[in-house]
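Understanding the architecture of this molecule
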Amino acid sequence: MAETKENEPMEVDTTPFEPVSILKLTKDAQQKHGLRHGNYKRYGDYCDRRIRRLRRALKYTHTYKCVPNHKAKFVLRPITSDVINDKRFLELVVFDVEHCWARGMEFKVASENEKHARQIFHARRRLIKAVQHAENLDSAVNTSPRFDDFTKTEGKAYVASIQGAAFLEKRKWAEALEKYINSRFIYEKLVKNVKNEELKALYEQKVKELTNIIKLCEYHAGKKGLDVVPDVSQLDLNETLEDSLKNVEIEPKNEKERKKQEKAENKKKKEQQPLPQPVPAKPSFFNLALKHFTLPEEIETIANTKPAAKKPTKQGSQEEPQEASGIGGMVRNLLWGSK
């Protein structure tokens, strides 16, 4: 029998995943499951169901440790860079963040209607939990060799926006302003470098949303956003990253989105093409009838013969009336006779 090597290290798959747009993933889910109408409860329930489905599909569910004469103990299975062997692990962590954020916003909306202090406390606790999941997302993506620079960079922008939302709820305006400016800085870089038109529109919309929140933070913090410099050292936005972002192309999910994208690209190409200039040309005349058709000899002789000239009549003489021709003349001749 062959001896098995117990201490032999396992082979780790380092095949890079395809680029993943976290913003597009979350925006699609939000628009389809309640946030179009501001229903945070429905969106939170959807995130909860999707997390359970993903854990079952990946066979990475939480376990319960059974101890004799005691109740089963819950054992958490966190997601780290060593565990990630499928791209769906990223979706799992993202929807953990979205679930906590949606629950926090649900409690916040309820507290605005009823002015209950306990709901404000729950909202802040849920947002703090969302920040913890976001930091876990950042560490898992950055330490994993299978995610590209595009996914890592957009993940930093997403994490910064979640942290800013938590600081905003705590009324820590200066910290929220710093996080939102960092997030906007990354999205502005992505707008300039990404070629995909759909992603570019999403990033531009996100930049507008962040700009409005930044103005609110500036008003309460008492300082302008120009004074706050983005922390570029932690964002790793260097020249090599910008060069890699120029070639990022994410394929649309279905055929309808692909056709829509092709239509937009063709329209843009037509707008960029110069209009055709008129080319001067000398006029040319052709007698097509004589060039392409030859008349028979009989018709040519008839056409070339000149009509006979009329004989001049004497003055005072009357011309003989011509006989009526046709059907009318024939009937008249039968009835009254010809002269």
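Residues numbered from 1 in each chain as written. Predicted model: local features only at pLDDT ≥ 70, side-chain atom pairs only at ≥ 80, totals over all residues. Heavy atoms only, no water.

In the nomenclature of an unreviewed UniProt entry, the protein is known as Signal recognition particle subunit SRP68 of Bursaphelenchus okinawaensis. In the Sequence similarities (unreviewed entry) part of its UniProt record, the protein is described as follows: "Belongs to the SRP68 family." (UniProt positions renumbered as here; feature names shortened; annotations may be inferred.)

1. A word on the layout of surface pockets
Over the atoms a probe the size of a water molecule is rolled, and this reveals where empty space is left. Size it by volume and the largest pocket reaches roughly 670 Å³. Forming the walls of the largest pocket are 28 residues, and the residues nearest its centre are Trp101, Met105, Ala165, Lys206 and Ile213. Broken down by secondary-structure element, the contributors of at least two residues to the lining of the largest pocket are helix H1 (22-32), helix H3 (88-114), helix H5 (149-169), helix H6 (173-193) and helix H7 (197-221). Grouping the amino acids of the lining of the largest pocket by side-chain chemistry returns 16 nonpolar, 5 polar and 7 charged. (1 Å grid on protein atoms, 1.4 Å probe; cavity = no way out; pocket = protein on both sides within 12 Å on 5 of 7 lines; lining within 4 Å. Points joined across faces, edges and corners; volume = space filled by probe spheres on them. Helix = DSSP H or I, 4+ residues; strand = E, 2+ residues; numbered from the N terminus. Nonpolar A, V, L, I, M, F, W, Y, C, P; charged D, E, K, R; others polar.)

2. Quick word on the nonpolar core
Counting 61 residues, the largest nonpolar core has Tyr43, Trp101, Tyr187 and Tyr203 as the members making the most contacts within it. Listed by contribution, the elements that provide at least two residues to this core are H1, helix H2 (40-58), H3, helix H4 (117-143), H5, H6 and H7. Of all the elements, H3 adds the most residues to this core, at 11 residues. With residues up to four places along the chain from it excluded, the contact list for tyrosine 43 reads Thr26, Ala29, Gln30, His33, Leu35, Phe95, Glu98, Trp101 and Ala102. (Core = buried A, V, L, I, M, F, W, Y, C linked by side-chain atoms within 4.5 Å. Buried < 20%, exposed > 50% of the residue type's maximum accessible area, 1.4 Å probe, protein only. Contact = heavy atoms within 4.5 Å.)

3. Some details on the pattern of salt bridges
Per the counting criterion, the structure on display carries 12 salt bridges. Where arginine 52 meets aspartate 48, a salt bridge forms, and the shortest distance between an N and an O atom there is 3.9 Å. With a gap of 4 residues between them, arginine 52 and aspartate 48 both fall in helix H2, about one helical turn apart. Here arginine 52 falls in the partly exposed class, since its relative accessible area comes to 40%. Taking relative accessible area as the criterion, aspartate 48 reaches 30% and is therefore assigned partly exposed. For arginine 103, the salt bridge goes to glutamate 106, with nearest N and O atoms at 3.1 Å. Of the two residues, arginine 103 and glutamate 106 are both situated in helix H3; the distance of 3 residues between them amounts to about one turn of the helix. (Salt bridge = Lys/Arg side-chain N within 4 Å of Asp/Glu carboxyl O.)

4. So, H2
The end-to-end C-alpha distance of H2, which contains 19 residues, comes to 27 Å, matching closely the 27 Å that a straight helix rising 1.5 Å per residue would cover. Buried within H2 are the following residues: Tyr40, Tyr43, Gly44, Tyr46, Cys47, Arg50, Ile51, Leu54, Arg55 and Leu58. In a view along the axis of H2, the buried residues occupy a sector of 165°, so they form one face of it. The inward-facing, buried residues of H2 abut H1 and H3. With a side-chain oxygen lying 3.4 Å from the backbone nitrogen of lysine 41, the N-terminal cap of H2 falls on asparagine 39. A positive backbone phi angle near 55° is found at lysine 59, which sits one or two residues after H2. (Expected span 1.5 Å × (residues − 1). Arc of directions from axis to C-beta. Polar contact = N/O pair within 3.5 Å; in protein donor to acceptor, adjacent residues only side chain to side chain.)

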